[in-house]
Amino acid sequence: MQATSTTHINLDYLRLMADNDDEMIQTMLAMLLEELPEEMGKIQELCQAENWDELTRVSHKMKSTLAFVGNDDMTNANKELERITKYKTDIQLAPSLVDTLNANLPQVLEALKREVK
Amino acid sequence: MVSNSTLVSTNKVLLVEDNPGDARLVEIYLMESDLQNCEVVNKITLADAIVALETGEEFAAILLDLTLPDSRGFETLERLLAKFPQKNIIVLTGFSDKEMGLRAVKAGAQDFLVKGAFDSEQLSKSLRFSIERTKVLKRLEETQRLASIGNWEYFPETGDFTATDEFFRIFGNTDERHQIDGEKLEEGDCPLKALKDIHDAVGITGSVKQDMKIRQKTGAYRFVSVKCNVRQDENNNLVYQGIIQDITDRKHSEQEAVKSQERYQVVFTQSKDALFICTFDGKFIDFNQATVDVFGYTREELEEIKDTHKLYYPQERKNEFLLKLKAQKAVKDFEISIAHKSGEARECMMTASITVTDDFVGYNCILRDVTELRQAERMRKARDLAQQSAHMKEQFLASISHEMRTPMNAILGMSNILMQMNLAPEQQSLVQNIKNSSEILLGVVSDILEISSIQNGKVVFENLPFDLTELLNNLTNVMQYKAQEKDVYLQINIAPDVPRFISGDKLRLNQVLYNLVGNAIKFTDHGHVKIFIEKLYDIGASVQLKFNVEDTGIGISEDKIEAIFETFTRILRKDRVYEGTGLGLSICKNLVEQQGGKIGASSVEGQGSKFFFDLIFEMADGIEGSGKQPQEPVFELPADAKFRLLLVEDHKMNQLVARKTLERKWANIDLTIADDGQAALDLLKENTYDIVLMDIQMPVMDGYEATKIIRETFPPDRANMIILAMTAHAHVAKDGKYKEYGMDDFVLKPFEPDDLFQKISKYVKHL
């Protein structure tokens, strides 16, 4: 059950964890809509400042958030971002990974908003 | 030359003349002459003159008046000549004594001048000759000194003895040179006594040539080479003439050479490196024992080999060696292989240099056999590479397993949800299959990770007391269900002398037993699986136990049983596929052997198998604080359990999810959330909890640090709380890293609700 190009998100895990409780799902969606842009903003800032250690921490946190979103492109890019900033290998790839995250964000937010009742 | 310049600068002339008028006249003539820098020293008597000469003052010439206050006539000359035969004496005679002058020259004077008849020019001419002669004599003396050669003459008839300066230097007694005569030579303590023996020998043979050792007065020895002849002078008197050469330095260097040769011989014979001298055609001229050892041929065989270069290969390398050696005169650490007589290739390093003597052109060579060294290097490299790749494999497996767990957990979780829905029986069965397969896959991931860490020596074995009976009861309780499903009777027997409390790694023992018993049930459709534990030996305070697991299953064929413990070996049957990775027994073998035990199996195909292993355990008195019942079913806290839980987690959504999940399970749970480690510490100052779930990575203060502070600084009721690590990193759990920081256990994120419930139940129920 992958996120398709038309949906951009896969809320299976979120629903599982919310035990299909509608109220809980709505709360979590609201949290995602709030936290995703906030965390993305931080990631962008830290990447520009080349503050890799802090970026590793934010990216690690973002991993938990993205688990609920279910967008593979973002999950993979973020995972890679955490790895390269942690081990400082191929660090020059960081900006392009941040771009990938950014590029996906609007559609993801749109898709999440559509789920909000 | 130094002596030359000395003569030029100060040509001293000794004027032995008692007549002041004559003396003055000589000085005037000298000043008028073209002789430069001539200084006249005037002595009035013969005695004074002799004193001046004996003090060592150098005079280019002696102008000698024969009529002196203390000596008159020809005797004056004779007395002076006897003392100083080498000196240039110019005799001054009166006009009437011209005959005397001629006689004087005959007797050994260099020239004569008739007083009142010679002029400045004549004086100058005569003196110049003297000066030149002195120079020549000086040079001769110098040459003798340089060559350490002295000579002497001895007139036995008169007892007269004359010798050169170098002669006396050789004997070490220059001071006495003017007192030597026939009597002196006879004296026992005179070093010159040696000459008497020579003269005696010459008296018989006519000439003597010999090397000998002489002793100087100081006691020092000199080696000398002596040659002596005897002749007759015009008066038929005997004259002994000899030359003596100091060869001490040469002797010493010869002795040094002998010593050095001896030392070289020791090195040569005892060296572990092959040392040899070889012509450019490859013929050995000389070689040591190591050469024999390196090439493997006998000494005789090596001597007969016309071209030892043929033993080197590759051919191009040998040519390169010879070319390089000829071009550069020396070659250092040249790598080449040689063919040992056995046919074996030996890797060698050659260091050689060209050596040329009168009758030989070739090279000497040090050849070191580095075969073993190179092998060791290659093995080290291979080992490094293996370690590196093992490390990479481990990293790869760890990350793969981590990546696989998350989706697997999702599959399992969603299968659980699906099964709770109203499904048609067929659907229910399909979902059940999905769930089973997922569980197997998760098991595979765990096995792979496990074998990887065992094989990399990452497993650290615990040594803690535990209750063996309890462990076995738990094992049978769990396995009983599986056995009953299959109509297999599970039986456990413990020999009465097996101690109940022992010390060791309980978890690992459990793991091995689960594996063996699980396998036994898996491969047995009917009959029984028997577990039997017996004591083999008491070893001091320890005990060696043997664990046997016997089944009546399909068995293993004889040709397969050897390989059964190897990685990825599986029982394949035509009619049936048994699930598993083929890693289980390999894990068991590694676990047992790394704890110093042995594992084995015997089987009859179609009748059953027996697996057994032994391990040594320390005996324990009991388990501290153990009030537990020996038999314990898998326990889950009842739905109405009341307990206090502190969740330390910075991620808001995880907080929410955990809270909802836990509150759904246990309605009466008292759950508090702290956003980070510091917030948790603040809460703990005022509150106590039954259990803490601690995220590792958090802002402000991470989970490791918070745990450390709780364990070290809080009062016992909080310092000893159960703390479970929550981590998204598989390695944190697998490496037992959480333990280092004082945490009791771990929960993997994203968490699976059942896993979370079980872990909490496991710890909270003990409170």
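This structure is a prediction, so every number in the text was calculated from the model and none was measured.

Participant: Summarise the overall build of chain A; cite the residues concerned and give the values.
Facilitator: What chain A contains, in helices and strands, is 5 helices and 0 strands. For chain A, the sequential pattern of α-helices and β-strands runs α-α-α-α-α. For chain A, the proportion of its 117 residues judged to be buried stands at 42%. When contacts within chain A are restricted to residue pairs at least 6 apart in sequence, those whose partners lie at least 24 apart make up 59%.

Participant: Tell me about the overall build of chain B, and name the residues and values.
Facilitator: Along its length, chain B carries 26 helices and 30 strands. The buried share among the 767 residues of chain B stands at 27%. Sequence separation of 24 or more characterises 59% of the internal contacts of chain B that already satisfy a separation of 6 or more.

Participant: Go over the sheet that holds strand 9 (residues 221–232) of chain B with me, naming the residues and quoting the values.
Facilitator: All names here are of chain B. Strand order in the open sheet formed by 5 strands is 7-6-10-9-8, with antiparallel pairing between adjacent strands. Strands at the two margins of the open sheet, each flanked by one partner only, are strand 7 (160–163) and strand 8 (207–215). On average, each strand axis in the sheet is inclined to that of its neighbour by 20°, with strand direction left out of account. Here strand 8 pairs with strand 9 via 9 bridges, running antiparallel. Bridging from a neighbouring strand, V208 pairs with C228 of strand 9.

Participant: Before we move on, can you summarise the nonpolar core with the specific residues and values?
Facilitator: If you look at the biggest cluster of nonpolar residues, it comprises 64 residues, and the most contacted ones within it are I43(A), V648(B), V692(B), M694(B) and L724(B). Broken down by element, the residue count for this core peaks at 8 residues, all from helix 2 (residues 22–48) of chain A. Residues contacting M694(B), with those up to four places away along its chain left out, are V648(B), G703(B), A706(B), T707(B), I723(B), L724(B), A725(B), M726(B) and M743(B). Counting residues in hydrophobic clusters, the runner-up holds 36 residues, among them L468(B), A520(B), F523(B) and F617(B).

Participant: Run through the interface of chain A and chain B, naming residues and quoting values.
Facilitator: Between chain A and chain B, the contact holds 19 residues from the first and 18 residues from the second. Those elements giving two or more residues to the side of chain A that touches chain B turn out to be helix 1 (12–17), helix 2 and helix 3 (52–69) of chain A. It is helix 3 of chain A that provides the largest number of residues to the side of chain A that touches chain B, a total of 8 residues. Here the side of chain A that touches chain B is composed, by residue class, of 9 nonpolar, 4 polar and 6 charged.

Participant: A description of the pairing of strand 15 (residues 345–357) of chain B should follow, citing residues and the corresponding values.
Facilitator: All names here are of chain B. Pairing of strand 14 (residues 330–339) with strand 15, which is carried by 8 bridges, proceeds in the antiparallel orientation. Bridge pairing in strand 15 places S337 opposite E347. Here strand 14 hands over to strand 15 after 5 residues, with G343 in that stretch at a positive phi of 95°. The pairing of strand 15 with strand 16 (residues 360–369) spans 10 bridges and is classified as antiparallel. Across the sheet, the residue bridging to V356 is V361, located in strand 16. Hairpin connection, strand 15 to strand 16: the antiparallel pair is bridged by 2 residues.

Participant: Give me unusual backbone geometry: which residues, what numbers.
Facilitator: Each neighbour pair has its own omega, and for Y313(B) with P314(B) the value is -5°, a cis peptide bond. Following the sequence through the fold, P314(B) ends up in the loop between strand 13 (312–313) and helix 13 (315–328).

Participant: Outline helix 4 (residues 72–87) of chain A, supporting the account with residue identities and numerical values.
Facilitator: Residue and element names in this part refer to chain A. Taking 1.5 Å of rise per residue, 16 residues should cover 22 Å, and helix 4 covers 22 Å from first to last C-alpha, within 8% of that figure. Summarising the contacts, the buried residues of helix 4 are in contact with helix 3 and helix 5 (94–115). Looking one or two residues past helix 4, K88 carries a phi angle of roughly 55°, positive in sign.

Participant: Describe the pairing of strand 25 (residues 608–619) of chain B, naming the residues involved and giving the relevant values.
Facilitator: Residues and elements named next belong to chain B. Alignment of strand 19 (residues 501–504) against strand 25, held across 2 bridges, turns out to be antiparallel. Residue pairing across strands places I502 opposite M619, the latter belonging to strand 25. Sheet topology note: the strand 21 (residues 542–551)/strand 25 ladder contains 9 bridges and is antiparallel. Each residue of the ladder has a partner; that of F547, found in strand 25, is F613.

Participant: Let's hear about the sheet that holds strand 5 (residues 111–114) of chain B: which residues, and what values?
Facilitator: All names here are of chain B. Strand order in the open sheet formed by 5 strands is 2-1-3-4-5, and the pairing between neighbours is parallel. The strands lining the two open edges of the sheet, one partner per strand, are strand 2 (38–43) and strand 5. Ignoring which end each strand starts from, the neighbouring axes of this sheet average 20° apart. Two strands pair when backbone bridges link them, and strand 4 (residues 89–93) and strand 5 are joined in this way by 4 bridges, in the parallel orientation. Looking across to strand 5, one finds that T93 is bridged to V114. The sheet contacts of helix 2 (residues 20–32) involve strand 1 (11–16), strand 2 and strand 3 (61–65), and relative to strand 2 the element is tilted by about 175°.

Participant: Pulling in residues and values, what's your account of the confidence of the model for chain B?
Facilitator: In regions of low pLDDT, the predicted coordinates are not meant to be interpreted in detail. All names here are of chain B. The predicted model of chain B averages 83 in pLDDT, with 91% of residues at 70 or higher. Mean pLDDT values over the elements of chain B span from 42, in helix 1 (residues 2–9), up to 94, in strand 21. In the predicted structure, residues 625–633 sits below a pLDDT of 50 and forms 10 contacts with residues beyond four places in sequence or in another chain. What the predictor reports for the complex is a pTM of 0.34 with an ipTM of 0.81.

Participant: Mind laying out helix 16 (residues 468–485) of chain B, listing which residues take part and the relevant values?
Facilitator: All names here are of chain B. Helix length check: helix 16 (18 residues) gives 26 Å between terminal C-alpha atoms against 26 Å at 1.5 Å per residue, within 8%. Of all bends in helix 16, the biggest is about 35°, found at M479. Regarding helix 16, the residues found buried are L468, L472 and M479. Elements in contact with the buried residues of helix 16: strand 17 (464–467), strand 18 (488–494), strand 19 and helix 17 (506–522).

Participant: Describe the packing of helix 17 of chain B against helix 19 (residues 584–594) of chain B, naming the residues involved and giving the relevant values.
Facilitator: Between two packed helices, the angle of one axis relative to the other and the distance separating the axes together describe the packing. Residue and element names in this part refer to chain B. Relative to each other, helix 17 and helix 19 sit at 145°, their axes nearing to 10 Å. In the crossing of helix 17 with helix 19, the sense of the turn from one axis to the other is left-handed. Each of R508, Q511, V512, N515, L516 and N519 in helix 17 lies in contact with helix 19, whose residues at this interface are G584, I587, C588, L591 and V592. Partitioning the contact of helix 17 with helix 19 into residue classes produces 6 nonpolar, 4 polar and 1 charged.

Participant: Residues and numbers for the confidence of the model for chain A, please.
Facilitator: Summarising the model, chain A shows a mean pLDDT of 86, and 94% of its residues fall at 70 or more. Throughout residues 1–5 of chain A the model reports pLDDT below 50, and contacts reaching past four residues in sequence, or to other chains, amount to 10 contacts.

Participant: Hey, could you go over the packing of helix 15 (residues 425–455) of chain B against helix 19 of chain B for me, with residue numbers and the actual values?
Facilitator: Residues and elements named next belong to chain B. The geometry of helix 15 relative to helix 19 is characterised by a closest axis approach of 10 Å and an angle of 30° between their N-to-C directions. Relative to helix 19, the element helix 15 lies roughly parallel. The interaxial crossing formed by helix 15 with helix 19 has left-handed handedness. Across the interface between the two elements, D447, E450, I451, I454 and Q455 from helix 15 touch G584, S586, I587, N590, L591 and Q594 from helix 19. Per-class residue counts for the contact of helix 15 with helix 19 are 4 nonpolar, 5 polar and 2 charged.

Participant: Lay out the environment of Q245(B) with the relevant residues and their values.
Facilitator: Residues and elements named next belong to chain B. Position of Q245 among the secondary structure elements: in strand 10 (residues 238–246). For Q245, a count of 20 C-beta atoms within 10 Å gives the class buried. Along the backbone, Q245 and A147 are 98 residues apart, and their C-alpha atoms lie at a distance of 7.5 Å. The residues contacting Q245, other than those within four sequence positions of it, are A147, S148, I149, V224 and S225.

What counts as what
As a convention, each chain's residues are numbered from 1 in the sequence order in which they are written. Written order determines the labels here, with chains lettered from A and ligands numbered from 1. Where local features are concerned, this predicted model is filtered to residues with pLDDT of at least 70; where side-chain atom pairs are given and counted, the filter is 80 or more; whole-chain, interface and lining totals use all residues. Put simply, DSSP H or I for four residues or longer makes a helix, DSSP E for two residues or longer makes a strand, and each gets a number counted from the N terminus. Labels follow a simple rule on C-beta atoms placed from the backbone: if 20 or more others lie within 10 Å of a residue's own, it is buried; if 12 or fewer, it is exposed; otherwise it is partly exposed. In this description, any two residues whose backbone-derived C-beta atoms lie within 7 Å of each other are considered to be in contact. Two strands are said to pair when DSSP picks up at least two bridges between them. Whenever a helix is involved, its axis is fitted only over the stretch in contact; in every case the axis is a line through C-alpha atoms, and angles between N-to-C directions fall within 0 to 180 degrees. Think of a nonpolar core as buried Ala, Val, Leu, Ile, Met, Phe, Trp, Tyr and Cys residues, each tied to the set through C-beta atoms within 7 Å. The classification used treats Ala, Val, Leu, Ile, Met, Phe, Trp, Tyr, Cys and Pro as nonpolar, Asp, Glu, Lys and Arg as charged, and all other residues, Gly among them, as polar. Multiplying 1.5 Å by the residue count of a helix minus one yields the expected span of that helix. Confidence of the prediction at every residue is given by pLDDT, a number between 0 and 100. Note on bend: the value at a residue is the angle between axes fitted to the seven residues ending there and to the seven starting there. Working rule for handedness: look at the near helix, and if it is turned counterclockwise from the far one by less than a right angle, call the crossing left-handed; if clockwise, right-handed. Here the word oblique covers every angle except those under 35 degrees (roughly parallel), over 145 (roughly antiparallel) and from 65 to 115 (roughly perpendicular).

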